[in-house]
Amino acid sequence: MLQLDQLGFWALVVLVAVLVRAFGLTGRWRAAVYLLAAAALFSGAPLLGLLLLGVCAYGYVALRVLAGPWGIAVHTLVMSAAFVLSQHPDVIPGPQPFLRLFPLVGLPYVYLRVLHLIADVKNGVQPVPDALEYFTYVLPFHQVIAGPVERFPAFRAALHAPLAPLDLDTFLLAVARIVNGFLKKAVLAEILRDGVGFGFDGHGLRLLAEIDLHALFIYLDFSGYMDIVIGAGVLIGWKPPENFDWPYGSRNLIEFWTRWHITLGEFIRDYLFNPLNLYLQRGPLRGRVLTAGVVSYFVAMAWCGLWHRANLPFLLWGALHGAGIAAVKLWEAGLKKALGKQRMKQYRASRWAGAVATFVTFQFVAVSFLFAFETPARALEILWNLF
Amino acid sequence: MDVHLRLQQVFREVFDDDELEIHDHTTAKDIPEWDSLMHVSLLVAIEGEFGIRFASAEVSGLKNVGELRGVVETKMG
């Protein structure tokens, strides 16, 4: 399959941009061009393309059968089972099972796009989409590899909006965004990886610096990818939503998840945290806001971890963030009780307190990455070596 | 008491701030404590005050106090 650093991908971007802009295509014609581009993208990996198409086709059938909450539950289970099996094909018995051929590329984002539509259609928020628009939306050729998690209404609004010819300013801004993305992802991130190595074999402050640089590497790599995808999106008239907003400047973990992988954070908030928290606060935990919050944050972030990779390290990483967010809420509640309303307002406005909180938040995030990418025992060993 | 004043009273109780003033254009960014957890608490408190029930999609889709007031008024008939 074509990757962002291959000329073929950029030839496809230029071809699509010229086609949709020269002819001012909107609606179904533009969708058809995007979908053909997705077919061209997957032509180098036809099996992957067919398997993703199969998942998407299931999603489209699912939109039409089983209404209401049961429909959401059944289809979420089916989609989740396919998602987990694709990562652990060895559990399927028999030689060379079909799923063993299933590469992971693209599925996590297809999974979220399909689930979002299933939830919205079953909840009556929007009608079943037109088939062409549906398949174009769930298989976006320029953002299928690593997102972001765009919502269908935003995609549809852009698809039906008139497309102006590309003016010089827009073109230059898009190219600058792409160059900036490559600079972050292919140059700075790679210099960091080659220079530091991220073996985490040191001790004390040197090790802490390596952990912090590792967090910087992840940010540069991922946000660089987003810059490239957004720049390409501007050229082809399908700009994905922004996904980063200087996340390492966040004052606490709750704020962090509104500035890091923003579209995923919003998806988790809207489709998991809010419904679960609403259920708990209306029923079993009525009047116990903090308890309901702690449970909901924990469940939501554990799911977030498993979505990244269905294994123990990522579950631990998600659970750590759930625990961290719960700790933020408990800390704020305790502080407000201890300081009183007026001094709490002063604390919130204090730059010094903000700087300390930002530093602590960044260190937590940086250390948490160890638990995602190392075994739990190795992550603990690295932590031990810090002291 | 009109809907706006009743809403303001709920906001003051939920955010524990007797001086809090809300307007149609007020958003979560204007109230430091209005995060994802307090948003749900706020809606549950509004449900209790007005005797209404929000749908899941409404919990996530509200952009500001004006939209919230509009949904409450629609549900009250």
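All values derive from a computational prediction rather than experimental measurement.

**A word on the overall build of chain B**
Thought 1: A count of helices and strands for chain B gives four helices and zero strands.
Thought 2: By the compact-globule yardstick of 11 Å for 77 residues, chain B fits well, its C-alpha radius of gyration being 11 Å.
Thought 3: Taking the principal axes of its C-alpha atoms as reference, chain B extends roughly 30 × 25 × 20 Å.
Thought 4: Of all 77 residues assigned to chain B, the portion counted as buried reaches 45%.
Thought 5: Excluding contacts between residues fewer than 6 apart, the proportion of contacts in chain B whose partners are at least 24 apart in sequence is 47%.
Thought 6: Accessible surface computed for chain B: about 3900 Å², of which carbon and sulfur atoms make up 48%.
Thought 7: Charge separation in chain B, taken as the distance between the mean sites of 7 positive and 16 negative side-chain charges, equals 8 Å.

**Some words on the nonpolar core**
Thought 1: Judged by nonpolar contacts, the single largest core of 106 residues is most densely connected at A:Tyr134, A:Phe141, A:Ile211, A:Tyr248, A:Trp257 and A:Trp260.
Thought 2: For A:Phe141, the contacting residues outside a window of four places in its chain are A:Phe9, A:Leu12, A:Val13, A:Val16, A:Tyr34, A:Ala37, A:Ala38, A:Leu41 and A:Ile236.
Thought 3: Grouped together as the second largest cluster of nonpolar side chains are 26 residues, B:Val3, B:Leu20, B:Trp34 and B:Leu68 included.

**Description of the interface of chain A and chain B**
Thought 1: Across the contact, 19 residues belong to chain A and 20 residues belong to chain B.
Thought 2: The interface formed by chain A and chain B includes five salt bridges.
Thought 3: Taking the shortest distance from any N to any O, the salt bridge between A:Lys336 and B:Glu33 comes out at 3.1 Å.
Thought 4: Our count for the chain A to chain B interface comes out at 10 residue pairs in polar contact (both at pLDDT 80 or more).
Thought 5: Among the elements of the structure, helix H11 (262-282), helix H12 (289-308) and helix H13 (312-349) of chain A are those that each provide at least two residues to the side of chain A that touches chain B.
Thought 6: Looking at which element gives the most residues to the side of chain A that touches chain B, the answer is H11(A), with eight residues.

**Structural notes on the confidence of the model for chain A**
Thought 1: Averaged over all residues, the pLDDT of chain A equals 91, while 95% of them reach at least 70.
Thought 2: Across chain A, the element-wise mean pLDDT spans from 83 in helix H4 (residues 68-87) of chain A up to 97 in helix H14 (residues 351-373) of chain A.

**Topic: the packing of aromatic side chains**
Residue and element names in this part refer to chain A.
Thought 1: For the structure on display, the rule yields 38 aromatic pairs over all chains.
Thought 2: Summarising the aromatic geometry, the rings of Phe267 and Tyr271 are spaced 4.9 Å apart at their centres and angled 40 degrees between planes, so their arrangement reads as tilted. Residue Phe267 and its partner Tyr271 are both found in helix H11; the two are separated by four residues, about one turn of the helix.
Thought 3: With relative accessibility at 5%, the residue Phe267 sits in the buried group.
Thought 4: What makes Tyr271 partly exposed here is its relative accessible area of 22%.
Thought 5: On the basis of an interplanar angle of 70 degrees and a centroid distance of 6.0 Å, the ring pair of Phe314 and Trp317 is categorised as edge-to-face. Separated by three residues within a single helix, Phe314 and Trp317 lie in helix H13, roughly one turn from each other.
Thought 6: In this structure Phe314 comes out as buried when scored by relative accessible area, which is 10%.
Thought 7: Exposure remark for Trp317: the relative accessible area of 4% places this residue in the buried category.

**Details of unusual backbone geometry**
Residue and element names in this part refer to chain A.
Thought 1: Even without being a glycine, Phe198 presents a positive backbone phi close to 55 degrees.
Thought 2: Among the secondary structure elements, Phe198 is positioned in the loop between helix H8 (168-196) and helix H9 (204-236).
Thought 3: With relative accessibility at 12%, the residue Phe198 sits in the buried group.
Thought 4: The backbone of Trp246 sits at a positive phi, close to 45 degrees, despite the residue not being glycine.
Thought 5: As for its placement among the helices and strands, Trp246 is situated in the loop between H9 and helix H10 (253-256).

**Structural notes on the domain arrangement of chain A**
It is common to give the size of an interface as the accessible area lost on bringing the parts into contact.
Residue and element names in this part refer to chain A.
Thought 1: Under the domain assignment used here, chain A contains domain 1 (7-160), domain 2 (168-244) and domain 3 (248-385).
Thought 2: The distance between the C-alpha centroids of domain 1 and domain 3 comes to 30 Å.
Thought 3: Considering only the surface of domain 1 that becomes buried against domain 3, Leu112, Val149 and Arg151 emerge as the three largest contributors, covering 39% of it.
Thought 4: If you look at where domain 1 meets domain 3, you find one salt bridge.
Thought 5: The partner of Arg151 in a salt bridge is Asp270, with the nearest N and O atoms 3.0 Å apart.
Thought 6: Across the domain 1-domain 3 interface, the total number found is seven residue pairs in polar contact (both at pLDDT 80 or more).
Thought 7: Mapped by element, the contributors of at least two residues to the side of domain 1 that touches domain 3 are H4 and helix H5 (107-122).
Thought 8: Considering every element that reaches the side of domain 1 that touches domain 3, the biggest residue donor is H5, with eight residues.
Thought 9: Of the residues contributing to the side of domain 1 that touches domain 3, the split by class is 11 nonpolar, three polar and two charged.

**Focus on the pattern of salt bridges**
Thought 1: One pass over the full model with this rule turns up 24 salt bridges over all chains.
Thought 2: Through salt bridges with shared partners, a single network forms among A:Arg177, A:Lys184, A:Asp227, A:Lys239 and A:Glu242.

**Quick notes on the layout of surface pockets**
All names here are of chain A.
Thought 1: Put simply, the second largest pocket is a space of about 1200 Å³.
Thought 2: Lining the second largest pocket are 36 residues, with Ala146, Asp221, Phe222, Arg309 and Phe373 positioned closest to its centre.
Thought 3: Of all the elements in the fold, those that place two or more residues in the lining of the second largest pocket are H5, H8, H9, H12, H13 and H14.
Thought 4: At seven residues, the largest contribution of residues to the lining of the second largest pocket is made by H9.

**Brief notes about the environment of A:Gly334**
Thought 1: Structurally, A:Gly334 can be placed in helix H13.
Thought 2: As for A:Gly334 and A:Gly197, which are separated by 137 residues in sequence, their C-alpha atoms are 41 Å apart.

Parameters at a glance
Residues numbered from 1 in each chain as written. Chains lettered and ligands numbered in written order. Predicted model: local features only at pLDDT ≥ 70, side-chain atom pairs only at ≥ 80, totals over all residues. Heavy atoms only, no water. Helix = DSSP H or I, 4+ residues; strand = E, 2+ residues; numbered from the N terminus. Rg over C-alpha atoms; globule rule 2.2 N^0.38 Å. Buried < 20%, exposed > 50% of the residue type's maximum accessible area, 1.4 Å probe, protein only. Contact = heavy atoms within 4.5 Å. Areas by Shrake-Rupley, 256 points an atom, 1.4 Å probe, with all protein chains shown as cover. Lys, Arg positive; Asp, Glu negative; His and termini not counted. Charge placed at Lys NZ, Arg CZ, Asp CG, Glu CD. Core = buried A, V, L, I, M, F, W, Y, C linked by side-chain atoms within 4.5 Å. Salt bridge = Lys/Arg side-chain N within 4 Å of Asp/Glu carboxyl O. Polar contact = N/O pair within 3.5 Å; in protein donor to acceptor, adjacent residues only side chain to side chain. pLDDT = per-residue confidence, 0-100. Phe/Tyr/Trp six-rings, centres within 6.5 Å; stacked < 30°, edge-to-face > 60°. Domains from an automatic or database assignment. Buried area = accessible area lost by both parts, 1.4 Å probe. Nonpolar A, V, L, I, M, F, W, Y, C, P; charged D, E, K, R; others polar. 1 Å grid on protein atoms, 1.4 Å probe; cavity = no way out; pocket = protein on both sides within 12 Å on 5 of 7 lines; lining within 4 Å. Points joined across faces, edges and corners; volume = space filled by probe spheres on them.

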